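# Report on the structure
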Amino acid sequence: MSSENSSADDVRQVWDVVVVGAGPAGASAAYAAAVAGRRVLLLEKAELPRYKTCGGGIIGPSRDALPPGFELPFRDRVYAVTFSNNGRFTRTRRSKQMLFGLINRAEFDQRLVEHAQKAGAELRTGVTVQRVEQHGSTVPDRRTVAVVLQGGEVVLARAVVGADGSASRIGAHVGVKLGQVDLGLEAEIPVPETVAEDWKGRVLIDWGPMPGSYGWVFPKGDTLTVGVISARGEGAATKRYLEEFIGRLGLAGFEPSISSGHLTRCRADDSPLSRGRVLVCGDAAGLLEPWTREGISFALRSGRLAGEWAVRIAEAHDAVDTRRQALNYAFAVKAGLGVEMSVGKRLLTVFERRPGLFHGALTGLRPAWRAFKEITQGSTSLGEIVRTYPVAQRALAALDRRPATGGEVSSSE
């Protein structure tokens, strides 16, 4: 905020940047804007810390996007992955280097918020945002956005970042369009020490019985996070898959401490990322990897970009400059995350038809396992692999064209 405007802004209580939602995307946006020296307000409807339905896997791109000095609260470090195809053809592959770490979202999110606060952001919890307005009586001028809270309070900002999750009200204002919606079900299962020891340092990924579905077991000390995900509209089948999955693992006798569900939403290709002085990021923008539905790294990376560009929008003096900065934000998101999403969407299409092919490649082909390791460790990405290796381009193109046979659709392949 420039010095000549500071006194007037203080009287009208205009924030440079208001961020709605204090998950990984919102906390990253607040940190990025605050570390640039701007007045930042972070709004969160829940009281922190709070539980979130999430596997809690922190892959390389997530680690690389964290603030300097951030210490990850790992509950376990993963060096081995057991793959199964609907409970069959089980094989474990191991790595000498850590593949990824596992966290509890309540701890992780809380620590991210604390970093944003240390950078200068102000936090308000227990606050529900009803809507944002860029025109009308609540908006004093064209450089201001009104954030209307439940109860009628109005907060003014030069720029707003919507990071309020997959059912985002800010996303609705922007006009976010969704191309893929999936249902994730999850149970947090406390287990005895003998069971926990068997899972230490190892996760399970099971390719499921419905097209595009899979399940996972993530160990976190004395608790196992067990979940499944599949396309929305298969609610009963998804619930049945989770129950059978837990039973198959010998965990049915343990009472979950938490059972929860969550819809993940993936943006359509032409979905907007901004409207006027309002940006969206993370789940609010529908940014996640379509095949694995991994969202934490997308939240952290898009949140940081949104915070950086919100600063530029806050400084914009007219609609033309605002539009230019918003387009630059969209370009930055699409050039990186958009490429990964495009490849992930193609992989999901193939995986839906031929899960056995993926299982066979990851358990039997060294290049496929190496690619999995490098992606999770952060030394490459899906987009980079397709861009760098002609053989990967040719294989994906061939799979895109090749129709599945009845046998190839079967998950018991």
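Presented here is an overview of the structure given in this document. (Residues numbered from 1 in each chain as written. Predicted model: local features only at pLDDT ≥ 70, side-chain atom pairs only at ≥ 80, totals over all residues. Heavy atoms only, no water.)

### What to know about the pattern of salt bridges
Here is the rule we go by: By definition here, a salt bridge exists when the distance from a side-chain nitrogen of Lys or Arg to a carboxyl oxygen of Asp or Glu is within 4 Å. Accessibility here uses a 1.4 Å probe with only protein chains present; expressed as a share of the type maximum, an area under 20% marks a residue as buried, one over 50% as exposed, and anything in between as partly exposed. The secondary structure listing takes helices from DSSP runs of H or I that are at least 4 residues long and strands from runs of E that are at least 2 residues long, numbered from the N terminus.
Following the criterion strictly, the structure yields 14 salt bridges and no others. In this structure, R131 engages E133 in a salt bridge whose closest nitrogen and oxygen atoms are separated by 2.7 Å. Owing to a relative accessible area of 17%, E133 belongs among the buried residues under this scheme. Linking D141 and R158 is a salt bridge whose minimum nitrogen-to-oxygen distance equals 3.5 Å. Note that D141 is positioned in the loop between strand 9 (129–133) and strand 10 (145–149) and R158 in strand 11 (residues 154–162), a separation of 17 residues in sequence. On the basis of relative accessible area, D141 is assigned to the partly exposed category, the value being 24%.

### Topic: the packing of helix 8 (residues 296–315) against helix 9 (residues 319–353)
This is how it is decided: A fitted line through C-alpha atoms represents every axis, and for helices the fit uses only the stretch in contact; the resulting angles, taken between N-to-C directions, go from 0 to 180 degrees. When an angle is under 35 degrees it counts as roughly parallel; over 145 it counts as roughly antiparallel; between 65 and 115 it counts as roughly perpendicular; any other value is oblique. For any helix crossing, the convention is left-handed if the near helix is rotated counterclockwise from the far helix by under a right angle, and right-handed if that rotation is clockwise. By definition in these notes, contact holds between two residues if any of their heavy atoms fall within 4.5 Å. Residues are grouped as follows: nonpolar covers Ala, Val, Leu, Ile, Met, Phe, Trp, Tyr, Cys and Pro; charged covers Asp, Glu, Lys and Arg; every other residue, Gly included, is treated as polar.
Where helix 8 contacts helix 9, the two axes come as close as 9 Å, and the packing angle between them is 165°. The orientation of helix 8 relative to helix 9 falls into the category roughly antiparallel. The element helix 8 and its partner helix 9 pack so that their crossing is right-handed. Where helix 8 abuts helix 9, its residues F298, R301, S302, L305, A306, W309, R312 and I313 lie against T322, Q325, A326, N328, Y329, A332, V333, L337, E340 and M341. Looking at the contact of helix 8 with helix 9 residue by residue, the classes come out as 11 nonpolar, four polar and three charged.

### Examining the sheet that holds strand 7 (residues 100–102)
Rules: Should DSSP find at least two bridges between two strands, the strands are taken to pair.
Spatially, three strands are ordered 3-7-4 in an open sheet, and the strand pairing comes out antiparallel. Each edge of the open sheet is held by one strand with a lone partner, namely strand 3 (57–58) and strand 4 (76–78).

### Re helix 7 (residues 235–248)
Each turn of an α-helix holds 3.6 residues, which means side chains three or four residues apart point in the same direction. Just so we agree on the cut-off: By this rule, a helix spans an expected 1.5 Å times one less than how many residues it contains.
An ideal rise of 1.5 Å per residue puts 20 Å on 14 residues; helix 7 measures up with 20 Å between its terminal C-alpha atoms. Regarding helix 7, the residues found buried are A237, T238, Y241, L242, F245 and I246. Residues of helix 7 that are buried sit in contact with strand 12 (178–190), strand 13 (202–207), strand 14 (214–220) and strand 15 (223–231). Positive phi shows up at G250, right after helix 7, with a value of about 75°.

### So, the packing of helix 9 against helix 10 (residues 355–364)
Direction vectors running N to C along helix 9 and helix 10 enclose 105°, while the axes themselves pass 5 Å from each other. In this view, helix 9 runs roughly perpendicular relative to helix 10, as classed from their interaxial angle. Residues L347, V350, F351, E352 and R353 of helix 9 form the contact with helix 10, whose own contacting residues are P355, L357 and F358. Split into classes, the residues belonging to the contact of helix 9 with helix 10 amount to six nonpolar, no polar and two charged.

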